Amino acid sequence: MARIRMLTSVAGDGFAWAPGEVVDLPGAQAAAWADGVRAVLVRSEEPETPEAPAPERTARKRAQARPRRETRTA
């Protein structure tokens, strides 16, 4: 069995699925429905999210981070 999340509403003889509803179907049938228009496959396990690398500091960002010096007039 595979899980799909409905993107559109679908109804037939003896069933009705609403957008956002998760439905269990046999693998081949789930793959046929999960075309990105009618439904999408739902992963059974959550994908791991890698830690985000530290943002790269550019010269412009470094310049903005420093306080500006006041211009001295004599």
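Residues numbered from 1 in each chain as written. Predicted model: local features only at pLDDT ≥ 70, side-chain atom pairs only at ≥ 80, totals over all residues. Heavy atoms only, no water.

Pairing between sheet strands relies on hydrogen bonds along the backbone, with the strands arranged either parallel or antiparallel. One open sheet accounts for three strands, arranged 4-1-5; its pairing is antiparallel. Each edge of the sheet is formed by a strand with only one pairing partner; in this case those strands are strand 4 (22-25) and strand 5 (39-42). Across the sheet, the mean angle separating the axes of adjacent strands is 35° when strand polarity is ignored. Taken together, the four bridges between strand 1 (residues 2-6) and strand 5 define a ladder with antiparallel strand orientation. Of the residues in strand 5, the one forming a bridge with Arg5 is Val40. (Pairing = 2+ DSSP bridges. Helix = DSSP H or I, 4+ residues; strand = E, 2+ residues; numbered from the N terminus. Axes fitted to C-alpha atoms, helices over the stretch in contact; angles between N-to-C directions.)

Now for the environment of Pro26. Relative to the helices and strands, Pro26 is located in the loop between strand 4 and helix 1 (27-33). Residues Pro26 and Arg3 lie 23 residues apart in sequence; the distance between their C-alpha atoms is 8.6 Å.

Next up on the list: the environment of Val42. Looking at the element boundaries, Val42 is found in strand 5. Here the alpha-carbon distance between Val42 and Arg3, two residues 39 residues apart in the chain, equals 5.3 Å. With residues near it in sequence (within four places) discarded, Val42 still touches Arg3, Ile4, Arg5 and Val22. (Contact = heavy atoms within 4.5 Å.)

Moving on, we come to the packing of aromatic side chains. Within the structure shown, the criterion is met by two aromatic pairs. Between Phe15 and Trp17 the ring centres are 4.7 Å apart and the planes differ by 45°, which places this aromatic pair in the tilted class. Ring geometry for Trp17 and Trp33: centres 5.5 Å apart, planes at 75°, overall edge-to-face. Of this pair, Trp17 sits in strand 3 (residues 15-17) while Trp33 is found in helix 1, placing the two residues 16 residues apart along the sequence. The buried category is assigned to Trp33, whose relative accessible area is 18%. Grouping aromatic residues by their ring pairs yields a cluster made of Phe15, Trp17 and Trp33. (Phe/Tyr/Trp six-rings, centres within 6.5 Å; stacked < 30°, edge-to-face > 60°. Buried < 20%, exposed > 50% of the residue type's maximum accessible area, 1.4 Å probe, protein only.)

Along strand 1, the buried face is formed by Ala2, Ile4 and Met6; none of Arg3 and Arg5, which line the opposite face, is buried. Inspection of the sheet shows strand 1 paired to strand 4 by four bridges, in the antiparallel sense. The residue of strand 4 that forms the bridge with Arg5 is Val22.

Here we take up the nonpolar core. In terms of nonpolar packing, the biggest core is built from ten residues, these being Ala2, Ile4, Met6, Val10, Trp17, Val23, Leu25, Ala30, Trp33 and Ala39. For this core, the elements supplying multiple residues, two or more each, are strand 1, strand 4 and helix 1. Per element, the largest residue contribution to this core is three residues, and it comes from strand 1. (Core = buried A, V, L, I, M, F, W, Y, C linked by side-chain atoms within 4.5 Å.)

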